[in-house]
Amino acid sequence: MTTVLYDAPGPRARRRNLLLGAVGVVVALGAAAFVVYRFAVTGQFDPDVWQWILYKNIQLLLLDALLNTLRAFAVAAVLALVFGAVFAAGRLSDHRWLSGPATAVVEFFRAVPLLILIFIMYFGVSRGLGINVSAFTALVLGLMLYNGSVLAEIFRAGVASLPRGQSEAAYALGMRKTQVMTNVLLPQALRAMLPTIVSQLVVVLKDTALGFIILYPELLYQARFLGSQVQLGSPILPVAMVVAVIYITMCLLLSQFAHYLERRTRRTRPGDPAAPADGTAVEMEQVRVGTP
Amino acid sequence: MNVLLDNLGLYMSAFVGTVELFLVAAVGSIIGGLLLAAMRVSPVPVLRAFGTVYINVVRNTPLTLVFFFFAFAYPRLEIFDLSFFARACTALIVYTSAFVCEVVRSGVNTVPVGQAEASRALGFTFGQTLGSIILPQALRSVVPPLTSVEIALLKNTTIAAGFAVFEAGGIYQNLSERGYNVLVGLLWVALGFLILVVPLTLLQRNLERRWSVAR
């Protein structure tokens, strides 16, 4: 195996690598063993703190919480995509009076922390203006504004990354501005940007957990609730572990889907004039990893 | 305006808290990210596997969940007492390191293999190859996205306010206790973040423009 950093190992390097590998295994196993030991010592594996998992009411409670999480995710994802499409169109407009405000809105919502946006919706609007905003609405609107702005930026970058010849050729064929956008640029850009868009949806799913802070009854909120029940033995760690597994599985599945889409777009690249050149692939990956 | 001027002390101490949290977590996450990246590109399969698993799990975990663990679950393990600030920093470092690692790794991978092969053919040692050939080139494609990861970290520090660390995200609670308009107070917080984030964003775009390599 040759990578940028390392040559194919010779006998000495192989021995060294083997030693490093052994040390790595020992350190990792040691750390894991220590954590498990602390869990065992503090009684996190005792049957009575896991009892709750058998209660039907609690199972239904967690299922309901999961549905609340998914509901917030679905609504926020759709709204964010719409918001992103509208504002990307605004930013790409040739009219200064349209692109200026659109750029300002997108930049503003990208710079303000999502939690502050949610607080503005939940505490600010309800207490400052006297309009009653539910936790669900506040969470979804916050997610829409922030992720919609990021998506607008992704859409815009996708259209901008296409070769100029595409739009020039379309104009030369006598297409109108709207036709060029909808018939030529968007289909290509959307395909190239699909993995990035799905990755951004993972961010939406992850950020629904912020609803916990404004007491929206989603998974984490119910985990806190169950974890503080003394009659169940205050099983906050066991509940947190179960909830963590649910969250990570959902996000991993969605990430894997993004990964699959990415591989699929890459596969069709050779000889396909519509596919972006290598440079944009790198940029796209950076867009993807750059939005934690 | 009154909301800001009457509570200037509150805003100042809260944003100082934010900046402290950000600086500690930024340095920590860069160190952690570099370590992870070193593991992920290393020729040792076990270390590579560990790096990959860590990245995949952490990148798919909500930051709120990481905070949740360090805020409520960690004390139950009775390992040793950490202040809330230290736990918030740890949560941010654990989470952000994964993103830093990915940025560094993809940056190193943008350097063509031929560069390293040529330097090895010229008899450069590993240290020389890394120090004079690869890192200077990788740095150019690492620093701009690294800046955006750290910007995201700066914004993520607000989540600590949801778990009782005093910083800018927690201003609204104090304001509503003092009977001020929370909406106006929160808009000032948003403005404060704009003041912190916009220079960093401009720096990042500037770096991206000047440092992008035509390949």
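All of these numbers come straight from a predicted model, not from anything done at the bench.

K.L.:
Any details on the packing of helix α6 (residues 135–160) of chain A against helix α8 (residues 177–207) of chain A? Residues and values, ideally.
P.N.:
Residue and element names in this part refer to chain A. Running from N to C, α6 and α8 point in directions that differ by 155°, and their axes come no closer than 9 Å. Relative to α8, α6 is oriented roughly antiparallel. Taken as a pair, α6 and α8 cross one another with a handedness that is right-handed. Contacts from Leu143, Asn147, Val150, Leu151, Ile154, Phe155, Gly158 and Val159 in α6 reach Leu185, Ala189, Leu190, Ala192, Met193, Thr196, Ile197, Gln200, Val203, Val204 and Asp207 in α8. Here the contact of α6 with α8 is built from residues that sort into 14 nonpolar, four polar and one charged.

K.L.:
Please set out the packing of helix α3 (residues 56–92) of chain A against α6 of chain A residue by residue, giving values where relevant.
P.N.:
Angle between the axes and distance between the axes are the two parameters that describe a pair of packed helices. Residue and element names in this part refer to chain A. Between α3 and α6, whose axes approach to 6 Å, the crossing angle comes to 40°. Here α3 lies oblique to α6, going by the angle between them. Two packed elements cross with a definite hand, and for α3 against α6 that hand is right-handed.

K.L.:
If you had to explain the nonpolar core to someone new, which residues and values would you point to?
P.N.:
Among soluble globular proteins, nonpolar side chains are generally buried collectively. Core analysis: the biggest nonpolar cluster contains 136 residues, and Ile116, Leu117, Ile118 and Leu139 of chain A together with Phe67 and Leu186 of chain B have the highest contact counts within it. With 15 residues, α6 of chain A is the largest single contributor of residues to this core. In this structure, Leu186 of chain B is in contact with Ile116, Phe119, Ile120, Phe123 and Gly124 of chain A together with Tyr172 of chain B, ignoring residues within four places of it in sequence.

K.L.:
Tell me about the interface of chain B and chain A, residues and numbers included.
P.N.:
At the interface, 61 residues of chain B touch 57 residues of chain A. If you list the elements that add at least two residues to the side of chain B that touches chain A, you get α3 (45–59), α4 (63–77), α5 (84–109), α6 (113–121), α7 (126–156), α8 (171–178) and α9 (182–211) of chain B. At 12 residues, the largest contribution of residues to the side of chain B that touches chain A is made by α9 of chain B. Residues of the side of chain B that touches chain A, tallied by class, amount to 40 nonpolar, 15 polar and six charged.

K.L.:
Lay out the domain arrangement of chain A with the relevant residues and their values.
P.N.:
Domain boundaries in chain A define domain 1 (9–42) and domain 2 (51–289). Centre-to-centre separation of domain 1 of chain A and domain 2 of chain A, based on C-alpha positions: 37 Å.

Parameters at a glance
Residues numbered from 1 in each chain as written. Chains lettered and ligands numbered in written order. Predicted model: local features only at pLDDT ≥ 70, side-chain atom pairs only at ≥ 80, totals over all residues. Axes fitted to C-alpha atoms, helices over the stretch in contact; angles between N-to-C directions. Helix = DSSP H or I, 4+ residues; strand = E, 2+ residues; numbered from the N terminus. Parallel < 35°, antiparallel > 145°, perpendicular 65-115°, else oblique. Left-handed = near helix turned anticlockwise from the far one by under 90°. Contact = placed C-beta atoms within 7 Å. Nonpolar A, V, L, I, M, F, W, Y, C, P; charged D, E, K, R; others polar. Core = buried A, V, L, I, M, F, W, Y, C linked by C-beta atoms within 7 Å. Buried ≥ 20, exposed ≤ 12 C-beta atoms within 10 Å, placed from the backbone. Domains from an automatic or database assignment.

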